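In case you want the letters, here they are:
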Number of protein chains: 2
Amino acid sequence: MTNTLWAETFVDELARGGLQAVVIAPGSRSTPLTLAFAAHPAIRHYLHLDERSAAFFALGLALATTRPVALLCTSGTAGANYFPAIIEARMSQVPLLVLTSDRPPELRHSGANQTIDQVKLYGDQVLWGVDVALPEADAPAVALRNLRTLAARALATAAGLPPGPVHLNFPFRKPLEPALPHTPAFAPAGPPHTRTLRGQLLPTPNQIAELAALINQHERGLIVCGPRCEGGDFPAAVAALAQTSGYPLLADPLSGVRFGQAAAVGGYDTFLRGDGPGWPAPEVILRFGHLPVSKWLNEYLARQADARLVHVQASGVWADDSHRVDTFLQADGAATCRALAARLTPRPGSPWAAQVQATEAATWAALDRGLAGAPFFDGAVVADLLDLLPAGAQLLVGNSLPIRHVDQFGRPSGRERHVYGNRGASGIDGNLSTGLGLAAAAPQRPTVILVGDITFYHDMNGLLAVRQQQLRRVTVVLLNNNGGGIFRRLPIAGHEPPFTELFLTPHGLDFAPAGQLYGLAYQRITSRAAFRRHLAASLAGHTPTLLEAQTDGAADLGCLREVVG
Amino acid sequence: MTNTLWAETFVDELARGGLQAVVIAPGSRSTPLTLAFAAHPAIRHYLHLDERSAAFFALGLALATTRPVALLCTSGTAGANYFPAIIEARMSQVPLLVLTSDRPPELRHSGANQTIDQVKLYGDQVLWGVDVALPEADAPAVALRNLRTLAARALATAAGLPPGPVHLNFPFRKPLEPALPHTPAFAPAGPPHTRTLRGQLLPTPNQIAELAALINQHERGLIVCGPRCEGGDFPAAVAALAQTSGYPLLADPLSGVRFGQAAAVGGYDTFLRGDGPGWPAPEVILRFGHLPVSKWLNEYLARQADARLVHVQASGVWADDSHRVDTFLQADGAATCRALAARLTPRPGSPWAAQVQATEAATWAALDRGLAGAPFFDGAVVADLLDLLPAGAQLLVGNSLPIRHVDQFGRPSGRERHVYGNRGASGIDGNLSTGLGLAAAAPQRPTVILVGDITFYHDMNGLLAVRQQQLRRVTVVLLNNNGGGIFRRLPIAGHEPPFTELFLTPHGLDFAPAGQLYGLAYQRITSRAAFRRHLAASLAGHTPTLLEAQTDGAADLGCLREVVG
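This structure is a prediction, so every number in the text was calculated from the model and none was measured.

Student: I keep staring at the overall build of chain A and nothing clicks. Help me out?
Tutor: Across its full length, chain A holds 20 helices and 17 strands. In terms of overall size, chain A behaves like a compact globule, its C-alpha atoms giving a radius of gyration of 25 Å where 565 residues would be expected to give roughly 24 Å. Expressed along its principal axes, the backbone C-alpha trace of chain A runs to roughly 75 × 60 × 45 Å. For chain A, with 565 residues in total, the buried portion stands at 59%. Long-range pairs, those at least 24 residues apart, make up 80% of the contacts in chain A with a sequence separation of at least 6.

Okay, structure coming up:
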C-alpha cells in the first residue's frame, strides 16, 4: 500500500491547497496517482488520450480559471508530448503542475521497457523540476510531511511570480494498485498542512512620485497594454489612468482590455502602417503586459528613440525586443495605475488624445466602408465574427493569421468578451485544445475557436475532448485557405520554387470528415451571409459546430488591401 | 547573403558527408536552410505539416536506411514537437540530425514573438547539442570551415557508437532570403571537407578465447537476440553460431533474426509462461540486442541466477533490467559470432537443443490447432497477417498489444520480412508515421502498419504523408477494440471504477472518416475470411488502404487463452 499512501497524501494536500482540476492520460505506471485523483471528491478529472492535446487542454483550463491545473501521465514519451504546451505555459506564465510517472531506480538506465531518463526532462522550460522520492514501506514521518510540503510548494511555484509550469517526476515500484476493498485516506475539508501565502507587490511612494512627475510633465504619452495583462480590476484601473492622464490606451486584442473598455484604442495595426501617422512623437510610453501582436505597433514603438519607455509587469517577465525600455517596474499593475492616477493633474480634453482618437475613428469608418462591400475573405469573416460575438463569450484566436485579423478588425467595445491566444511561443500547435480547455472551464458560455487550416490540422486530435467532455457550446471557425497564408506576406513569396511546396504548403484536405469523426455538426461556408447565419445559430445553440470558411488564399491579401485602403 | 552562404555551406557538407534525406516542416525562420535543402540535388526533401509526425517519419526513414536523416523546423514550439521521436531515437539508437532555427541573440530572452530558449532544448535526450554561431557578414574563413566540420561531426555523432539524435540550433537574423536571381554554391560531387572514419570494434583474441571456452564447457546454453540487433551479416552469423554451439537461438520479432532465419526459435512467449518448461536450467546465456519484448522470456532469464550471462552489444548500450549480466562485451556482433564459431567444438544433435526445438514445435502445433477454429479476435488477425505477409515486405508493429501478438504468433521462417517497432521508449506516439517513413524509404515494397486504436488515434495526423509522399503500397491494419486492451491484462482491471473510464478509456471513435480525410481506401473488417481477402488484395495492389478490424476487447483475452491453451 506504500504507493497508494504516497499518492493519496500528495493528492490530498493538492486538494487542500486548492487544486480543482487534473487532466489524466491513461497509463499503467501512473496508477497510484490516477486512483487517488479519481477518488478525490474535490478534484475534477478530465481524461484525454493524446498527451500533447491534453496539455494544451489543461493550459486552456488554467487560462480561464487563472488557477493551477495538474497533468498526469505514465512513463516514457507520454510526458515528452507535453513539451510544447509546457513551453507555451512558461512563455505565457500559465500555472501548470506536470506530474509524470517513472520507474524505480533499478529500472532506470537499464534498458527496461518504456523507461527513459525523466529527471529534469523539461530542462530550463519549467520553473521547478523535482525527482520525487521513491515510496518507502517504512518511511519516516518526515517523508510523508515532505510530500505535503512538496504539493504546497509546487502549487505555490506554479502560481508564483512569474506563474508557470512545474514538473514533479514520481517513481513507483510494482504493485501499483492497493489491495481491495480500499478506502482512500482523504479529509476533503481539511486545512492544508502548509499554507503558502504571498504579499502584494506594491509600487513604493517614491516610484509612484517619480512616474507621476514624468506623466505630469509630458502631455504626449501612450499607454500600451500588450497580451496577458493582469485581470481582475486592472482593465478598469488602466482605463481610469488613461482617462486622467490623457494618454490614449492602445489595447492589444489579448490584453483583456480591448473588449470590455470602450475607451481603449484599436485600429492602430491599420493607422500605424508604414511610416505611421503624421503626429508628433510621443514623449512617454507606459507599457503593461507582453509585446503587442501588431507588427506595426511594435515597429512604431521601436522608432521612438527619444521617448521615455516604462514597462510595468508584476510577473517580472521581460518583454522588450527592441531594448528601448529605460525603466522596468515589477509591481502590481492595477495598484500602480490607481496610485499614479491619484497623483496626476487631470488633462480633460487633451488635444493629443483627441488627435489619436480622431485617427482611430477615421480608421474604423474607412474599414466599415471597405467591409460593407467586401467579398468573402478571411478579414470579413473575422469582422463578422467579432460583430456577432456576444458579451460573456470566450474566443480563442489561433496563430498565425487569425490573431492578426482579430487585431486589425477587433474594435474596442464595452461589450466584454474574453479573448485568448497562445502568444507566449506563438505556436500553431495545441490551439484547438486550448480553446476546448476554456470551454470546459465555462461550459455554459459560448466559446468560439478561430483557427487557420494548418493550425486546425495540427491539433485535430484535440477535438476528441468535445465529445468526451460533452462540450456543447463550442463553435470552431476554421479559415481554410489551403495552406500557410501568412507566408504570402513575407519576402519568401517571391521565391518560386520552392515557395508553394515548402512554405505555402497546400494540403488539399477536406475537413468535413473531421467533423464526422469527432461529432461536430459541420457546415461548409462560402459567403458572408451564410457565415453570419450559421454562426449566430451556433452561438445561440447547444450543438458543437465546425464552420469551415473556404476562402481563397491567393485573393485574400488583395481583399485585405482593398478594405484597409 | 550571409544566411544563405551559411546555410549552403552547411548543407553542401552534409551532402558530401552522405546525407540523403531531410524532413522539413514549414516555417519562416528556417528559410535559409529550407532553401538550401530544396536546392540541393543530392538531398531529397520530404514535407510534413505536423512536427511530431514529421520526426517519427524521419525516424522510420532512418530505421529503414540505417543512415542519418535530417529534420528541419522553424523557431518556437515547432522543435518541441520533435521531442517524443528524439527520445525514441535516443533509446533505439536511430541516427537523426535535428536542425532547429532560432532567433538572433538580441531577440532571445526578450519576449520577442515565437522566441523560446532553444539552447540545449532536448537536454540529456540527445547525444550532442550545439548552439551554432550566428552568421556573420565578414566571417573569418575558419568560421566557414567550422560549419563544414560541424556538419561532418554531427553526421558522425548521429551515426556513432551508439547512434542517436544530434541537435544543432541555428540562429538567423533577417533578411532570411537571398537576393534574386540566386544560384546556390554547391559542388554536388565534391569530396567532404572532413571525412570521419571509424575503425571496427573487434573482440580481442583473449575475449574470444574466454567466451569460446565457456561455451565449449557448457552444453546447455541459450542465445537470445533481442530487438535492434545488428543488421548486415549478423543474422546469418548468429544463426551459424547457434548451429555450431547447439545453443537454441531465441529471436525476438524485432531482432531482425526471426523472420529470415528458419533456425530461430519463437513460441517462447507461450511455452515459457508461468513457471516455464520442465527443462534443466541453462548454464550459459548469450544475449545480443535489447531486452526482448516477451515478458515471459525476460522473467525466465531473470530467474537463471546460476547461469553465466554474457551480453554483446556493439553500441555499448546497456540492456539488463534484472542486473544479471556478468560480462558485457562492446564489440561487433557478427564478428564476435564468427570468431566464436571458429573456436567451438561443434555439437551436432545436441539433446538440449532437441529438447527446446521439440517444445517449440509442440507449441506451434497447438497454436495451429487453436487458431484453426478460433473466432475473429486480435490474435487471429495478427496470425493471418503474418501468414500472408510476403518476403521482402516491411511491417511496423505498434505498441502496446500488437507487438505482443506478433511475438506470440510470429513463427520463425526463412521468408525474410523486415519487422520494426518503436521499442526504445515503447510509446504509442508516432507509430503510423514511423511506418510511413519505412514505406517512403522503400516505396516499391509492401509496407504494413499494425496498430491498436489508441495508437492509431494518437498519430492520425501522420497519415497526411500517404498522400503527400504518394505512398501507394501501404496497408494500415487497425485493431480496434475501442480502448486500451492491454490494461485488461493488468491487476488494475479489478478496480472498477475507475478502470473503464481512466484505464480502458473507450472512445467510441469510428475511423472510417480518417480514411476519407487522408485518402486511404477504407474497409471495415469483421471476419477472418474478409480480413485475409482484403489484406491479400491490398498487399498485391497499389492503393493505400486502411483495414479496420473491429474486434471485441472484452472477448479478446478469453479467445487468446482458448487458443494458447
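Student: I would appreciate a short explanation of the domain arrangement of chain A in the present structure.
Tutor: When the parts come together, some accessible area is lost, and that loss is often what is quoted as the size of the interface. Residue and element names in this part refer to chain A. Here chain A is partitioned into domain 1 (2–171), domain 2 (205–358) and domain 3 (373–564). Of note, the centres of domain 1 and domain 3, computed from C-alpha atoms alone, are 32 Å apart. Opposite the 22 residues of domain 1 that make contact, domain 3 presents 24 residues. Split by residue class, the side of domain 1 that touches domain 3 holds 14 nonpolar, five polar and three charged.

Student: Sorry if this is basic, but what is going on with the sheet that holds strand β17 (residues 545–550) of chain A here?
Tutor: Within a sheet, adjacent strands bond to each other through the backbone by hydrogen bonds, running parallel or antiparallel. All names here are of chain A. What the six strands build is an open sheet, ordered β13-β12-β14-β15-β17-β16; its pairing is parallel. Whereas interior strands pair on both sides, the edge strands pair on one side only; in this sheet they are β13 (418–420) and β16 (521–525). The mean inter-strand angle of the sheet, taken between neighbouring strand axes irrespective of direction, is 15°. Here strand β14 (residues 447–452) pairs with strand β15 (residues 474–480) via six bridges, running parallel. Bridge pairing in β15 places G452 opposite L479. Here helix α19 (residues 528–540) sits on the sheet and contacts β15, β16 and β17; the angle it forms with β17, its principal contact strand, is near 165°.

Student: Sorry, what's going on with the sheet that holds strand β5 (residues 128–131) of chain B here?
Tutor: All names here are of chain B. Ordered by their spatial adjacency, six strands build an open sheet running β2-β1-β3-β4-β6-β5, and the pairing between neighbours is parallel. Each end of this open sheet is capped by a strand with a single partner; those strands are β2 (44–47) and β5. Sheet twist, expressed as the mean angle between neighbouring strand axes with direction ignored, is 20°. Alignment of strand β1 (residues 21–24) against β2, held across four bridges, turns out to be parallel. Counted as the bridge partner of A21 is R44 from β2.

Student: Any chance you could explain the environment of B:W279 here in plain terms?
Tutor: For B:W279, the location among the structural elements is in the loop between α8 (268–271) and β9 (284–288). Between the alpha carbons of B:W279 and B:K174 there is a distance of 71 Å; along the sequence they are 105 residues apart.

Student: Honestly, the interface of chain A and chain B in this entry has me stumped. Any pointers?
Tutor: Across the contact, 73 residues belong to chain A and 73 residues belong to chain B. If you list the elements that add at least two residues to the side of chain A that touches chain B, you get α2 (31–39), α4 (83–92), α15 (453–458), α17 (499–504) and α18 (512–518) of chain A. The dominant element in the side of chain A that touches chain B, judged by the number of residues it contributes, is α4(A), at five residues. A per-class count over the side of chain A that touches chain B returns 37 nonpolar, 24 polar and 12 charged.

Student: Is there a simple way to think about the relation of the copies chain A and chain B in this case?
Tutor: Put simply, the second copy of the chain is the first one after a rotation about an axis and a shift along it. In the superposition of chain A on chain B (RMSD 0.0 Å, axial shift 0.0 Å), the rotation amounts to 180°. Such a combination of turn and shift is consistent with a two-fold rotation axis. Proximity to the rotation axis, assessed at the C-alpha, singles out A:P513 in chain A; its C-alpha lies 2.4 Å from the axis. Most of the interface of chain A is mirrored in chain B, where 100% of its interface residues are also at the interface.

Student: Honestly, unusual backbone geometry in this entry has me stumped. Any pointers?
Tutor: Along the chain, A:N399 connects to A:S400 via a cis peptide bond; the corresponding omega equals 0°. Topologically, A:S400 is positioned in the loop between β12 (394–397) and α13 (401–409). Across the junction of B:L161 and B:P162, the peptide omega takes the value 0°, indicating a cis bond. Mapping B:P162 onto the fold places it in the loop between α5 (141–158) and β6 (165–171). Positive phi values are uncommon outside glycine, yet B:S426 reaches one of about 55°. The residue B:S426 is located in the loop between β13 (418–420) and α14 (431–441) in this model. You will see that B:T505, though not glycine, has its phi angle at about 50°, which is positive. Residue position: B:T505 is located in the loop between α17 (499–504) and α18 (512–518).

Student: How should I be thinking about the environment of B:L396 in this particular structure?
Tutor: All names here are of chain B. Position of L396 among the secondary structure elements: in strand β12 (residues 394–397). By C-beta crowding, L396 is classed as buried, having 30 other C-beta atoms within 10 Å. Once you skip the residues sitting within four places of it in the chain, L396 turns out to touch Y420, G421, N431, T434, G435, L438 and I449.

Student: What exactly am I supposed to notice about helix α5 (residues 141–158) of chain A here?
Tutor: One turn of an α-helix holds 3.6 residues; hence residues three or four places apart share an orientation. All names here are of chain A. Helix length check: α5, at 18 residues, gives a terminal C-alpha distance of 26 Å against a target of 26 Å (1.5 Å per residue), a fit within 8%. Of the residues making up α5, those classed as buried are L147, A151, A152, A154, L155, T157 and A158. Buried residues belonging to α5 abut α1 (2–16), β4 (96–102), β5 (128–131) and β6 (165–171).

Student: What am I meant to see in the nonpolar core here?
Tutor: Soluble, globular proteins show a tendency: their nonpolar side chains are buried together. Formed by 272 residues in total, the largest nonpolar core has its most connected members in A:L71, A:L96, B:L71 and B:L96. When residues no more than four places from it in sequence are discounted, the contact partners of A:L71 are A:V23, A:A54, A:A55, A:A58, A:Y82, A:L96, A:L97, A:V98 and A:L99. Of all hydrophobic cores here, the second largest spans 44 residues; its members include B:C229, B:Y247, B:F288 and B:V310.

Student: Teacher, can you tell me more about the confidence of the model for chain A here?
Tutor: Interpreting fine coordinate detail is not advised for predicted regions of low pLDDT. On average, residues of chain A score 96 in pLDDT, and 100% of them reach the 70 mark or higher. Among the prediction metrics, the complex's ipTM stands at 0.97, with pTM recorded as 0.98.

Student: How should I be thinking about the packing of helix α1 (residues 2–16) of chain B against helix α2 (residues 31–39) of chain B in this particular structure?
Tutor: Residues and elements named next belong to chain B. Close contact between α1 and α2 brings their axes to 8 Å; oriented N to C, the two are set at 50°. As far as their axial angle goes, α2 and α1 are oblique. With respect to the hand of their crossing, α1 and α2 are arranged in right-handed fashion. Of the residues in α2, those touching α1 at N3, T4, W6, A7, E8 and V11 are P32, L33, L35, A36 and F37. Split by residue class, the contact of α1 with α2 holds eight nonpolar, two polar and one charged.

Student: I would appreciate a short explanation of the pairing of β1(B) in the present structure.
Tutor: Going residue by residue along β1(B), you find B:A21 and B:V23 tucked away on one face and B:V22 and B:I24 tucked away on the opposite face as well. In this fold, the crossover linking β1(B) to β2(B) by way of α2(B) has right-handed handedness.

Student: Teacher, can you tell me more about helix α20 (residues 553–564) of chain A here?
Tutor: Residues and elements named next belong to chain A. Over its 12 residues, α20 extends 17 Å from the first C-alpha to the last, a length consistent with the 16 Å expected when each residue adds 1.5 Å. Every buried residue of α20 is listed here: G553, D556, L560 and V563. Projected down its long axis, α20 shows its buried positions confined to an angular sector of 70°, all on one face. In α20, the exposed positions angled more than 90 degrees off the buried face are occupied by G558 and R561. Those residues of α20 that are buried lie in contact with α11 (351–372) and α12 (378–388). Following α20 by one or two positions, G565 has its phi on the positive side, about 85°.

About the thresholds
Residues numbered from 1 in each chain as written. Chains lettered and ligands numbered in written order. Predicted model: local features only at pLDDT ≥ 70, side-chain atom pairs only at ≥ 80, totals over all residues. Helix = DSSP H or I, 4+ residues; strand = E, 2+ residues; numbered from the N terminus. Rg over C-alpha atoms; globule rule 2.2 N^0.38 Å. Buried ≥ 20, exposed ≤ 12 C-beta atoms within 10 Å, placed from the backbone. Contact = placed C-beta atoms within 7 Å. Domains from an automatic or database assignment. Nonpolar A, V, L, I, M, F, W, Y, C, P; charged D, E, K, R; others polar. Pairing = 2+ DSSP bridges. Axes fitted to C-alpha atoms, helices over the stretch in contact; angles between N-to-C directions. Least-squares fit on C-alpha atoms with pLDDT ≥ 70 in both. Expected span 1.5 Å × (residues − 1). Core = buried A, V, L, I, M, F, W, Y, C linked by C-beta atoms within 7 Å. pLDDT = per-residue confidence, 0-100. Parallel < 35°, antiparallel > 145°, perpendicular 65-115°, else oblique. Left-handed = near helix turned anticlockwise from the far one by under 90°. Right-handed = clockwise from strand over helix to strand, strands pointing away. Arc of directions from axis to C-beta.

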